[in-house]
Amino acid sequence: MEEIATVAKPVNPKKQRNNKRLTWAIIKDQRQLIYMSVPLLAYIIVFAYLPVWGWTMAFQDYKPARSFSQQDWVGFKHFQFLFTDDNFLRVLRNTLAMSVINLILGFTTAIVLALLLNEIKKMFWKRTVQTISYLPHFLSWIIVTGIVATSLASDGIINDLLMKLHLIDQPIMWLSEGKYFWGVVGASHVWKEVGWNTIIYLAAMASIDPALYEAADIDGANRYQKMWNVTLPGIKATIVILLIMSIGHILEAGFEVQYLLGNGLVVDWSETIDIFVLKYGIAQGNYSLATAGGIFKSVVSITMLLFANWTAKRLGEERLL
Amino acid sequence: MMMKNTQMSGPKNAVMLSRRRPGSSGVEPFLFNTFNTLFMIFLVIVTLYPFLNTIVVSFNAGNDTIRGGIYLWPRQFTMQNYNAVFASGTIYNAFLISVARTVLSTLLNIFLTTMLAYTLSRREYVFRKPITTIFVLTMYFNAGLIPNYFLMKDLHLINNFLVYVLPSMISAFNLIVIRTYIGTIPESLVESSRIDGAGDFKIFWRIIFPLCKPVLATIALFVAVGAWNSWFDAFLYTSSRQELSTLQYELMKLLSSSVNANSNPSVANGVGAEHATQVTPISIRAAVTVVASVPILMVYPFMQKYFVVGLNVGSVKE
């Protein structure tokens with residue numbers, strides 16, 4: 001449990017004083033380590049840090065033909081435009097809504113499934129069900145959205161079943177009506193990831209002291225009471241940490257599902273910030289506005305992540321006391 | 001019918017159970033087990049059915065599938081769909097590109113990440129702290145789509161095969177996972193080979209790399225799955241050069257028309273032209289889906305025992 005509780009801790013808050021001074025002797029002595037790591041340091045600076053320079057575009061009216069010194073600086077114009085633009089506000093609403101739906105559905109289904117899997121006593125069956133439940137995790141979103149679209153088509157298996165059970169008289173056009181879109185995205189996420197998400201909970205359950213179950217047996221607890229009073233408290237720390245960490249990803253509603261399942265009929269419900277950036281940036285060439293949208297997302301994510309880290313650290317320390 | 005049986009035989013079994021386990025009360029364990037088993041069967045069906053159905057459609061004659069009613073067994077078995085897929089230069093070429101990028105990405109990722117992780121695990125290394133910090137910070141921010149696009153443009157990686165491999169050669173998360181794992185390897189192994197005169201590269205390659213096999217197995221799988229499944233880079237960076245297209249991106253092009261309700265029969269143009277009598281866009285799509293997913297589905301069940309190792313080591317120290 002402690003292992004998982006430290007998820008969010010930064011590398012090492014206390015700086016160990018390195019008494020070694022940087023001398024030519026040390027560099028010569030460690031030259032192999034330097035050959036093995038410094039080129040990769042240069043690599044990550046080019047590929048991860050250098051592009052941050054591009055954020056300047058958001059404060060300019062960027063024109064690709066001009067050099068950096070010739071660009072017109074416009075301050076926060078593009079950010080002001082974003083927050084008064086109905087399009088962006090709608091995109092922000094969609095992102096937050098789908099993110100929250102995915103979060104709630106993702107957590108509850110994974111925890112329930114983990115609890116149920118944990119009750120299977122025959123190892124072989126447990127393994128088999130687990131292996132099968134991981135399968136969709138390894139399929140690409142292209143394939144998954146293809147499967148979702150086929151299943152939800154007017155002649156697909158879902159409408160087929162609902163018609164045969166006489167729950168509906170006419171096929172429901174799941175993917176052509178905006179009101180279903182968030183639910184379809186949530187359900188697709190559950191289908192793809194629920195099995196995979198149980199891994200961490202099952203690992204936490206495996207580390208619960210068996211003596212607790214024996215004690216509960218002696219006290220006459222039935223299975224539900226043991227689940228509620230032993231298993232769930234045993235994985236509570238894991239749940240809390242994962243929940244806090246996922247707050248950092250609140251603007252990561254996903255891009256692929258919405259892009260692949262969305263269509264002209266549901267565009268008001270399907271577009272997320274990432275799609276907005278792609279549409280304005282790559283398709284329309286409005287680089288400055290798209291970059292501003294991207295920066296907004298990054299800044300919110302970093303703030304949330306730092307907040308999450310701080311909260312997790314505080315909770316972790318409290319638990320240790 | 002099923003439910004009735006359950007209720008009738010319930011109490012009898014429950015008595016037996018309750019005798020064995022004094023704590024359990026009455027019919028509950030049996031009801032619970034029945035419910036749980038039924039639920040797991042439901043889960044397995046919901047997970048497997050769509051995929052099995054796709055496989056069946058891929059082996060059924062396309063013009064017959066349109067009539068509907070294909071569930072778990074082909075009505076008119078045929079290999080035509082697969083013949084059409086592999087006869088088409090487009091898909092075959094995309095398949096080769098996908099294989100190449102996956103193999104190259106995985107090998108480079110594993111080698112470079114482990115090498116860097118080794119240097120960062122050496123306590124005496126002077127640049128250990130700054131390099132670790134610079135890599136860990138990359139987990140917290142991302143420059144975003146547009147700046148990254150311009151970077152690829154400036155590096156002349158647009159319409160270049162290397163754009164599939166270069167941007168994602170090292171992930172900070174995997175780096176920390178491997179470094180933590182190396183930390184569990186006894187220091188004496190490194191020390192004794194150093195006394196034997198081995199340099200750091202030799203120690204890494206001969207001693208550390210082979211010992212990291214369990215954790216590298218998981219990471220190799222994750223990297224390979226990520227490389228094989230990605231399509232966005234092909235869409236963004238190489239879409240104007242058909243010969244660099246990947247299998248997933250070709251599949252995306254086949255699927256994108258079907259998501260929109262008004263499906264357009266010419267989606268499979270060029271793919272099924274010479275087999276036009278039997279092959280339809282739906283059957284081609286099914287065959288490509290199977291081709292695009294089978295390689296990974298053949299591998300992952302054998303790696304299952306390592307998944308937890310990989311995930312847990314990662315959470316020890318982020």
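For clarity, every value in this text was computed on a predicted model and none was experimentally measured.

Turning next to the overall build of chain B. Of regular secondary structure, chain B possesses 14 helices and zero strands. Residue burial in chain B is summarised as follows: out of 318 residues, 49% are buried. Relative to all contacts within chain B whose residues are 6 or more apart in sequence, the contacts with residues 24 or more apart total 70%.

A few words now on the overall build of chain A. The helix and strand inventory of chain A stands at 15 helices and two strands. For a compact globule of 321 residues, the expected C-alpha radius of gyration is about 20 Å, and chain A comes in at 25 Å, more than 25% above that figure. Overall size of chain A, expressed as C-alpha extent along the three principal axes, is 75 × 70 × 35 Å. Taking all 321 residues of chain A together, 50% fall into the buried category. Total accessible area computed for chain A in this model is approximately 16,500 Å², and 64% of it derives from carbon and sulfur atoms. In chain A, 28 side chains carry a positive charge and 24 a negative one; their mean positions are 10 Å apart.

Residues and elements named next belong to chain B. Two numbers describe how helix H5 (residues 89-121) lies on helix H6 (residues 128-137): the axes approach to 9 Å, and their chain directions differ by 135°. Judged by the inter-axis angle, H5 sits oblique to H6. Our pair here, H5 against H6, has a crossing hand that is left-handed. Contacts between H5 and H6 involve Leu116, Leu120 and Ser121 from the former and Arg128, Ile131, Thr132 and Phe135 from the latter.

Looking now at the environment of B:Thr138. Examined against the element boundaries, B:Thr138 turns out to sit in the loop between H6 and helix H7 (145-154). For B:Thr138, a relative accessible area of 17% corresponds to the buried category. Separated by 33 residues in sequence, B:Thr138 and B:Ser171 place their C-alpha atoms 8.6 Å apart. Discounting residues that sit within four places of it in the chain, B:Thr138 has contacts with A:Ile44, A:Ala48, A:Tyr49 and B:Ala172.

Facing the 91 residues of chain B at the interface are 88 residues of chain A. Summed over both sides, the interface between chain B and chain A buries roughly 8,300 Å², with carbon and sulfur atoms accounting for 72% of that surface. Across the contact surface, chain B and chain A share zero salt bridges. Broken down by element, the residue count for the side of chain B that touches chain A peaks at 17 residues, all from helix H2 (residues 28-58) of chain B. Looking at the side of chain B that touches chain A residue by residue, the class counts come to 63 nonpolar, 20 polar and eight charged.

All names here are of chain A. Along helix H4 (residues 77-84), the residues classified as buried are His78, Phe79 and Leu82. On an axial view of H4, the arc spanned by its buried residues comes to 100°, and they lie on one face. Among the exposed residues of H4, those pointing more than 90 degrees away from its buried face are Gln80 and Thr84.

As for its position among the elements, B:Asn148 is in helix H7. When the C-alpha positions of B:Asn148 and B:Thr132 are compared, they lie 23 Å apart, and in sequence the two are 16 residues distant. Excluding residues within four positions of it along the chain, B:Asn148 makes contact with A:Phe47, A:Pro51, B:Asn142, B:Ala143 and B:Tyr237. Among the polar contacts made by the side chain of B:Asn148, one reaches the side chain of B:Asn142 at a distance of 3.4 Å.

For the rest of this paragraph, the subject is the UniProt feature "domain: ABC transmembrane type-1" (unreviewed entry) in chain A. UniProt records the feature "domain: ABC transmembrane type-1" (unreviewed entry) for residues 92-308 of chain A in the present numbering. Between the end C-alpha atoms of residues 92-308 of chain A the distance is 21 Å, and the span holds 76% helix and 0% strand.

Now for the nonpolar core. Grouped together as the largest cluster of nonpolar side chains are 115 residues, with contacts concentrated most on A:Phe138, B:Tyr118 and B:Phe307. Sort the elements by how many residues they give to this core and helix H14 (residues 281-316) of chain B lands first, with eleven residues. Setting aside chain neighbours within four positions, we find B:Tyr118 in contact with A:Leu33, A:Met36, B:Ile182, B:Val190, B:Arg194, B:Asp200, B:Ile203, B:Phe204 and B:Ile208.

Let us now look at the packing of helix H3 (residues 31-49) of chain A against H5(B). Packing of H3(A) against H5(B) brings their axes to within 9 Å, and their N-to-C directions diverge by 120°. The angle between H3(A) and H5(B) falls in the class oblique. Relative to H5(B), the crossing made by H3(A) is left-handed. On H5(B), the residues that touch A:Leu33, A:Met36, A:Ser37 and A:Leu40 of H3(A) are B:Leu112, B:Met115, B:Leu116, B:Tyr118 and B:Thr119. Partitioned by chemical class, the residues of the contact of H3(A) with H5(B) number seven nonpolar, two polar and no charged.

Here, UniProt's "transmembrane region" (unreviewed entry) annotation points to residues 33-52, 96-117, 138-158, 198-216, 228-251 and 287-310 of chain A. Along residues 198-216 of chain A, the helical share is 84% and the strand share 0%, with 24 Å between the first and last C-alpha atoms.

Before going further, it helps to spend a moment on the UniProt feature "transmembrane region" (unreviewed entry) in chain B. Listed under "transmembrane region" (unreviewed entry) in the UniProt record, and renumbered for this structure, are residues 30-52, 91-118, 130-150, 162-182, 203-228 and 282-302 of chain B. Secondary structure over residues 282-302 of chain B splits into 100% helix and 0% strand, and the C-alpha atoms at its two ends are 32 Å apart.

Let us look at a nonpolar patch on the surface. There is a patch of nonpolar side chains on the surface, built from A:Trp53, A:Phe68 and A:Trp73 and spanning about 390 Å² of accessible area. With respect to the helices and strands, A:Trp73 occurs in strand S2 (residues 72-73).

Our focus in this paragraph is the pattern of salt bridges. Residues and elements named next belong to chain B. The tally for this structure, following the rule as stated, stands at 21 salt bridges over all chains. Of the charged contacts, one joins Glu191 and Arg122 as a salt bridge, the two residues approaching to 3.9 Å between their closest N and O atoms. In this pair, Glu191 sits in helix H9 (residues 187-195) while Arg122 sits in the loop between H5 and H6, placing the two residues 69 residues apart along the sequence. Among the residues examined, Glu191 registers a relative accessible area of 34% and is labelled partly exposed. By relative accessible area, Arg122 is classed as buried at 3%. We note a salt bridge from Arg194 to Glu124, for which the minimum N-O separation is 3.7 Å. Of this pair, Arg194 sits in helix H9 while Glu124 sits in the loop between H5 and H6, and the two are 70 residues apart along the sequence.

Right, let's talk about the packing of aromatic side chains for a bit. A full pass over the atoms with the stated rule returns 55 aromatic pairs over all chains. Seen from their ring centres, A:Phe124 and A:Trp125 are 5.2 Å apart, and the 70° between their planes marks the pair as edge-to-face. On the accessibility criterion, A:Phe124 (59% relative accessible area) is exposed. The exposure class of A:Trp125 is partly exposed, given its relative accessible area of 49%. Taken together, A:Tyr134, A:Phe138, A:Trp196, B:Phe222, B:Tyr300 and B:Phe307 form an aromatic cluster joined through their ring pairs. Sitting above the plane of the A:Trp269 ring, A:Arg93 keeps its charged end 4.8 Å from the centroid.

Basis of the calculations
Residues numbered from 1 in each chain as written. Chains lettered and ligands numbered in written order. Predicted model: local features only at pLDDT ≥ 70, side-chain atom pairs only at ≥ 80, totals over all residues. Heavy atoms only, no water. Helix = DSSP H or I, 4+ residues; strand = E, 2+ residues; numbered from the N terminus. Buried < 20%, exposed > 50% of the residue type's maximum accessible area, 1.4 Å probe, protein only. Contact = heavy atoms within 4.5 Å. Rg over C-alpha atoms; globule rule 2.2 N^0.38 Å. Areas by Shrake-Rupley, 256 points an atom, 1.4 Å probe, with all protein chains shown as cover. Lys, Arg positive; Asp, Glu negative; His and termini not counted. Charge placed at Lys NZ, Arg CZ, Asp CG, Glu CD. Axes fitted to C-alpha atoms, helices over the stretch in contact; angles between N-to-C directions. Parallel < 35°, antiparallel > 145°, perpendicular 65-115°, else oblique. Left-handed = near helix turned anticlockwise from the far one by under 90°. Buried area = accessible area lost by both parts, 1.4 Å probe. Salt bridge = Lys/Arg side-chain N within 4 Å of Asp/Glu carboxyl O. Nonpolar A, V, L, I, M, F, W, Y, C, P; charged D, E, K, R; others polar. Arc of directions from axis to C-beta. Polar contact = N/O pair within 3.5 Å; in protein donor to acceptor, adjacent residues only side chain to side chain. UniProt positions renumbered as here; feature names shortened; annotations may be inferred. Core = buried A, V, L, I, M, F, W, Y, C linked by side-chain atoms within 4.5 Å. Patch = residues over 30% accessible without salt bridge, like charges linked within 9 Å, V, L, I, M, F, W, Y side chains within 5 Å. Phe/Tyr/Trp six-rings, centres within 6.5 Å; stacked < 30°, edge-to-face > 60°. Lys NZ or Arg CZ within 6 Å of the ring centre and 35° of its normal.

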